[in-house]
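# Chains, contacts and geometry: an overview
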Amino acid sequence: FSQNRSAALANINARKEAENVLKNEGLIVIFPSGQIATKQNLKLQTKADDGDWKQFVSKLIIKTQSPVLPSYFEGQNSQLYQIANKIGQTFRYSLLMYELTRKIGDTINLHFGKVIPFSDLEKIGNLIEITKHIRNKTYSLDPKPVHNN
């Protein structure tokens, strides 16, 4: 119970800190799904997907009246990692360090969209729709889009 309570308190403190940074015209980077992107199947042409995005991002935007800069990172983990993901969590986690170290010295392309003013997001109103809108804007930056089947 204490670990769950301390984790919950850490999350609350992180959220408050994020709000403070944004209210003071700071910048934060958030990976909205909170998970590592994985492939739904092991076909080579399939792109990894980061899963559903959490509403936390939209709530934070509304609460702090912040604009959003959509950013898209190219790339994904190796095919070996994708296979490990299908085998199980322990195997997948054991390959994370390998995935990180194999990228040392590589270039990772990052694409930025146009800033979405808070006023545009406020007009959407619904947190779910705001999240969908930001996700669509972010994925539209992918220079090599693939529609997974």
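Coordinates for the structure precede this section.
First, a word on scope: everything that follows refers to the structure included in this document. Predicted model only: the values in this text are computed from it and were never measured. One numbering rule holds for all chains: residues counted from 1, following each sequence as written. Local features in this predicted model are restricted to residues of pLDDT 70 or higher, and side-chain atom pairs are both shown and tallied only at a pLDDT of 80 or more, whereas totals for entire chains, interfaces and linings draw on every residue. Side-chain descriptors were evaluated using all non-hydrogen atoms of the structure, hydrogens and water having been removed beforehand.

### Considerations on the nonpolar core
Operational definition: By convention a nonpolar core is built from buried Ala, Val, Leu, Ile, Met, Phe, Trp, Tyr and Cys residues, the set being connected through side-chain atoms within 4.5 Å. Think of it in three bands: residues with accessible area under 20% of the maximum for their type are buried, residues over 50% are exposed, and the middle band is partly exposed, with areas taken using a 1.4 Å probe on protein chains only. Secondary structure elements follow DSSP: runs of H or I no shorter than four residues count as helices, runs of E no shorter than two count as strands, and numbering proceeds from the N terminus. Only heavy atoms matter for contacts: two residues are in contact if any of them lie within 4.5 Å across the pair.
Among the nonpolar cores identified, the biggest contains 9 residues, and these are Trp53, Val57, Ile61, Val68, Ile116, Phe118, Leu121, Ile130 and Ile134. Among the secondary structure elements, those contributing two or more residues to this core are helix 2 (56–64), helix 6 (118–124) and helix 7 (127–139). Discounting residues that sit within four places of it in the chain, Ile134 has contacts with Trp53, Ile61, Val68 and Leu121.

### Section: the packing of aromatic side chains
Note the threshold: Stacked, edge-to-face and tilted labels apply to pairs of Phe, Tyr and Trp rings (six-membered ring for Trp) whose centres lie within 6.5 Å, assigned for plane angles under 30 degrees, over 60, and everything in between, in that order.
Following the criterion strictly, the structure yields 3 aromatic pairs and no others. Between Trp53 and Tyr139, the aromatic rings sit 6.5 Å apart at their centres with planes inclined by 45°, giving tilted as the arrangement. Residue Trp53 is located in the loop between helix 1 (2–23) and helix 2, and its partner Tyr139 is located in helix 7; the two are separated by 86 residues in the primary sequence. What makes Trp53 buried here is its relative accessible area of 11%. An aromatic cluster is present here, built from Trp53, Tyr72 and Tyr139 joined pairwise through their rings.

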